[in-house]
Amino acid sequence: MLTLYDHPRSGNCYKVRLFLALIGQDYQSCFVDVLARKNQTEAFERISAFQQVPALVDGGLSIWDSHAILLHLAHQYAPQWLAPPPRLGAMHAWISVSANEIANSLQPLRLTHVVGNAEAAHHLGVSESLLDVPGMERRTARVLGRMDKRLAQTRWLAGGDVPTVADIACYGYAALAEEAAIDITAYPALAAWRQRIQQLPGYVPPGS
Ligand SMILES: N[C@@H](CCC(=O)N[C@@H](CS)C(=O)NCC(=O)O)C(=O)O
């Protein structure tokens, strides 16, 4: 049985919960209260090197980082979610957008809205006076704009006729855009892509 170290409000954990649901893979969830800093233990560090959720234990393997977990699950259980070689580079590029551009814009911006600036600054490891919310807003508009442009040309981020783990990676926080006070109607192709993902068999919404 797979064990997912999980938090219900985490967009990174949601990516993994959603993918497990889409591929019909059973798992048990282990709640880690990161907001109450219950992750800062040596025992959890042995599972997750940065003491962060999500982390997945699959047999004797511990895998941490939402993107590494998505790739592991696809390779092990659902290879149809991996793009074939001509589009493999695009798939990895969009996973990288999730791990870099989204993780440095929409993810922290949403955190400021959900827990407030002081708590967000603590979690991000900066003093509150250095929390650059306008910068996060600018970077969020840029990455959502790029996604919208891409999705006006292709149904799925890596191209092709079927979604890949790159779509699930980027969807994790795109699904939560309203919690960061983003007006999604400004990004019509991205809004339509969100609806396509919501129609996939097995789909579960954030928080489920
Ligand atoms: N690169 C990681 C980032 C994971 C991450 O930021 N996890 C947050 C919750 S969304 C966390 O565990 N924060 C608690 C902490 O850093 O102490 C991923 O994509 O999974």
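All values derive from a computational prediction rather than experimental measurement.

**Quick notes on the nonpolar core**
With 59 residues, the main nonpolar core has Phe19, Leu73, Trp81, Met91, Met147, Val165 and Trp193 as its most contacted residues. If you list the elements that add at least two residues to this core, you get β1 (2-6), α1 (11-22), α3 (66-77), α4 (85-102), α5 (106-115), α7 (133-153), α8 (165-174) and α9 (188-198). If you tally residues by element for this core, the top one is α8, at eight residues. In terms of domain composition, this core takes at least three residues from each of domain 1 (2-79) and domain 2 (82-198). One finds Tyr5, Val34, Ile47 and Ala55 within the second-largest nonpolar core, a separate group that totals nine residues.

**Some details on unusual backbone geometry**
Between Val53 and the following residue, Pro54, the backbone shows a cis peptide bond with an omega angle of 0 degrees. Looking at the element boundaries, Pro54 is found in the loop between α2 (42-45) and β3 (55-58). For Gln51, which is not a glycine, the phi torsion comes out positive at approximately 60 degrees. By the element assignment, Gln51 lies in the loop between α2 and β3. Residue class for Gln51 comes out buried when judged on its relative accessible area of 18%. Backbone geometry at Ala181 places phi at a positive 60 degrees, although glycine is not the residue there. As for its position among the elements, Ala181 is in the loop between α8 and α9. A relative accessible area of 58% means that Ala181 is categorised as exposed.

**Examining the UniProt feature "domain: GST N-terminal" (unreviewed entry) in the protein chain**
The positions UniProt marks with the feature "domain: GST N-terminal" (unreviewed entry) are residues 1-81. Helix makes up 35% of residues 1-81 and strand 22%, with an end-to-end C-alpha separation of 21 Å.

**Comments concerning the pattern of salt bridges**
Across all of its chains, the model carries five salt bridges by this definition. Note that Arg37 is salt-bridged to Glu119, the shortest N-O span being 3.3 Å. Of the two residues, Arg37 sits in the loop between β2 (27-31) and α2 while Glu119 sits in helix α6 (residues 117-124), which places them 82 residues apart along the sequence. For Arg37, a relative accessible area of 29% puts it in the partly exposed group. Of the charged contacts, one joins Arg194 and Glu178 as a salt bridge, the two residues approaching to 2.8 Å between their closest N and O atoms. Here Arg194 is found in helix α9, whereas its partner Glu178 is found in the loop between α8 and α9, with 16 residues between them in sequence.

What counts and what doesn't
- Residues numbered from 1 in each chain as written.
- Predicted model: local features only at pLDDT ≥ 70, side-chain atom pairs only at ≥ 80, totals over all residues.
- Heavy atoms only, no water.
- Core = buried A, V, L, I, M, F, W, Y, C linked by side-chain atoms within 4.5 Å.
- Buried < 20%, exposed > 50% of the residue type's maximum accessible area, 1.4 Å probe, protein only.
- Helix = DSSP H or I, 4+ residues; strand = E, 2+ residues; numbered from the N terminus.
- Domains from an automatic or database assignment.
- UniProt positions renumbered as here; feature names shortened; annotations may be inferred.
- Salt bridge = Lys/Arg side-chain N within 4 Å of Asp/Glu carboxyl O.

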